[in-house]
Amino acid sequence: MTDLAALYARFQQASAVSTDSRQAQDGTLFFALNGPNFRGRDFALGALEKGARFAVVDDAALAATDPARYTYAPDPLVALQQLAQHHRRQLILPVLAITGSNGKTTTKELVQAVLSQRLRVQYTRGNLNNHIGVPLTLLSIKPGEHELAIIEMGANHQGEIELLCQLAEPTHGLITNIGKAHLEGFGGVEGIARGKGEMFRFLAQVGGTAFVNTLDARLPGLAAPVAERVTYPGSTDTYPARLLSAAPEVVLELSGGQLVDAKITGAYNFANLAAAAAVGTYFGVPAAAIAEALAAYEPSNNRSQQLRTGRNELVLDAYNANPSSMAAALHSFAARPGDPAAKVVILGDMFELGDESEGEHRSLGRLVQGLPFGTVILIGPELAQAAALDSSLLHFPTKAAAADWLREQNLTARQILVKGSRGMGLETLVELL
């Protein structure tokens, strides 16, 4: 059994927590996590030699030989989670959890930008939003230094959000939307709703507050058990907002009448911007500061990025893809001002759809058939289902084959959307565009 009190004492003596022995350690508490093909304890000594102050290992004999540097835990991952939960319980501050099928990372970044106008905020870096990343973020919160924490929570199966909520014990929660993401693990859209809804059920149990996006018809019902609900962005909601334009950047009006010319494209991002405005208003950020933060935000990390390559204008949205986000991105791109004949769509396979994969990829083919694009390029074996519907849809089984074709075309003066699942890595095609 892990001695949690002793482990917490070591955590307080360490500079930070680490799980990757390849990184510089410099006084860290290193958790030697096990993987499917390796044992973490084999990397513990290397971490210590790089400067880690302590290492948590599942080898009792090793820990006994050098107790000044090693701590024994039957399962270092469980120990990491228990330590994070214990640390969370020492903190007296609001914890806002954010999840959803699409847009949760963008929403997290927007919320952080807004709240940082008034509060000292710690938040999930990158997409460290799983059973390892959430504990790491919790353990990075410093009492007396941070006034609020934003914890992004990702999930691909039932019970995962419940676990993350038990660790983070959020006081506030926001679900961006319910869409067709991780269908394989959740078992359909209703399963997704139940899985994401675990956050609202937790908030109902602890008397927390739910931020509810009323544009998604499922969310008000999921939030019904939560006593304190803050709604947005409808005209009769707690914090209304109005979409004025998305051609191509989003322009919106906030509840106080402030206009925001955002640097982010796509009408689907309106709800994400409105969510950040609602959270900011709730936590007392002045209206002018909210508008300023939203207008200054620029997307990165292959999420709704607008790029000019010298030859073409790109919308790079290649961080991830599922049927819902694909449809939103395609409709938004189709509505973008410009000659339809000069619009090029480059799409990659959607992953984690399970038995729904064939049907969803075929539906994607029908969708692009009905939209005004000059060229549609489909990449990956799954999208062969879509390409079979129409001979004008170009299909390449691999990204390398598509890259060869793009080199020959030397596309110029085009608007190009690039979108696919993370595993496709379509951002590497940008250099050819």
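Keep in mind that this is a model prediction, so the values were computed, not measured.

Let us now look at the sheet that holds strand β4 (residues 70-72). Strand pairing in a sheet relies on backbone hydrogen bonds. The paired strands run either parallel or antiparallel. Across the sheet, four strands lie side by side as β1-β2-β3-β4; this open sheet has parallel pairing. Every interior strand has two partners, whereas the edge strands, β1 (17-18) and β4, have only one. Pairing between β1 and strand β2 (residues 29-31): two bridges, direction parallel. Bridged to S18 within β2 is F30.

Glancing now at the pattern of salt bridges. In the structure shown here, the tally under the stated rule is 16 salt bridges. The salt bridge partner of R89 is E169, with a shortest N-O separation of 2.7 Å. Of this pair, R89 sits in the loop between α4 (76-88) and β5 (95-99) while E169 sits in the loop between α7 (160-168) and β8 (172-175); the two residues are 80 residues apart in sequence, bridging distant segments of the chain. Residue E169 is classed as partly exposed on the basis of its relative accessible area of 22%. The shortest N-O distance in the salt bridge between E358 and R362 comes to 2.6 Å.

Mapping E292 onto the fold places it in helix α13 (residues 287-296). Spatially, the C-alpha atom of E292 lies 39 Å from that of N410, the residues being 118 residues apart in sequence.

Scoring rules and cut-offs
Residues numbered from 1 in each chain as written. Predicted model: local features only at pLDDT ≥ 70, side-chain atom pairs only at ≥ 80, totals over all residues. Heavy atoms only, no water. Pairing = 2+ DSSP bridges. Helix = DSSP H or I, 4+ residues; strand = E, 2+ residues; numbered from the N terminus. Salt bridge = Lys/Arg side-chain N within 4 Å of Asp/Glu carboxyl O. Buried < 20%, exposed > 50% of the residue type's maximum accessible area, 1.4 Å probe, protein only.

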